[in-house]
Amino acid sequence: MDARLKELNIDIPPAPVPGGNFLPFTQTGDLVYISGQVPKHPDGSVISGVVGADLTLEQGQAAARVATLNMLSQMKAACGGDLSRVKKIVKIEGFVRADPSFASHPKVINGCSDFLVEVFGREVGAHTRFAVGVSSLPLGVPVELCCIFEIAKE
């Protein structure tokens, strides 16, 4: 998996620390549940705005990709540093802070889905999901993502 990430020129940042009294991920059996991840850069800055008002669809997709990178960092932490233990991305939950007239929420979350398939391939990376529009998200971000994935035993 490290070779694949290098080939794609992807550097996974350190896993973000939760902003409250909750776990960044938890495991039960072979499933790992990742708490909501937002488009926060390693320097602490965040992408903010409303898709369809302040941000274009493409900017929303780029924000989803940054949030997915944070999700990958949590996956890596959950896997003890070895992303090759990810057997299957099971489900993505996508929230899009959008203008009331904006109706392309699924296209924004494609920024996440496409990135996961690019990294893991279709067999592991393709998943179920939902994408919904909301009026606000933490820190004013345009996207928040949650994930459930299956992990191989050590």
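Within each chain, residue numbers correspond to sequence positions counted from 1 in written order. At least 70 in pLDDT is required for a residue's local features to be given in this predicted model, at least 80 for side-chain atom pairs to be given and counted, and no such filter applies to totals for whole chains, interfaces and linings, which use all residues. No hydrogens and no water enter the side-chain calculation; it runs on all heavy atoms of the structure.

Caption draft 1: Highlighting the nonpolar core. Side-chain atoms within 4.5 Å are what join buried Ala, Val, Leu, Ile, Met, Phe, Trp, Tyr and Cys residues into a set we call a nonpolar core. The buried label applies to any residue whose accessible area, calculated with a 1.4 Å probe on protein chains only, is under 20% of its type's maximum; exposed applies above 50%, and partly exposed to all values in between. Grouped together as the largest cluster of nonpolar side chains are 35 residues, with contacts concentrated most on Met75, Phe120 and Phe149. Mapped by element, the contributors of at least two residues to this core are β2 (31-37), α2 (57-78), β3 (86-97), α3 (105-120) and β5 (143-151). To qualify as a helix, a DSSP run of H or I must reach at least 4 residues; to qualify as a strand, a run of E must reach at least 2; elements of each kind are numbered from the N terminus.

Caption draft 2: Layout of unusual backbone geometry. Even without being glycine, Asn9 reaches a positive phi, approximately 60°. Looking at where Asn9 falls in the secondary structure, it is placed in the loop between α1 (2-7) and β1 (25-28). In this model, Leu139 sits at a positive phi of 65°, which is unusual for a non-glycine residue. Assignment of secondary structure puts Leu139 in the loop between β4 (128-134) and β5.

Caption draft 3: Seen up close, the packing of aromatic side chains. Centre distance within 6.5 Å is the pairing criterion for rings of Phe, Tyr and Trp, where only the six-membered ring of Trp is used; planes under 30 degrees apart are then read as stacked, over 60 as edge-to-face, and the remainder as tilted. Within this structure, the stated rule accounts for one aromatic pair. Seen from their ring centres, Phe95 and Phe130 are 5.6 Å apart, and the 85° between their planes marks the pair as edge-to-face. Note that Phe95 is positioned in strand β3 and Phe130 in strand β4, a separation of 35 residues in sequence. Positioned above the aromatic ring of Phe115 is the side chain of Arg65, whose terminal nitrogen or guanidinium carbon lies 3.8 Å from the ring centre. Over a ring means this: the NZ of a Lys or the CZ of an Arg is within 6 Å of the ring centre and within 35 degrees of the ring normal.

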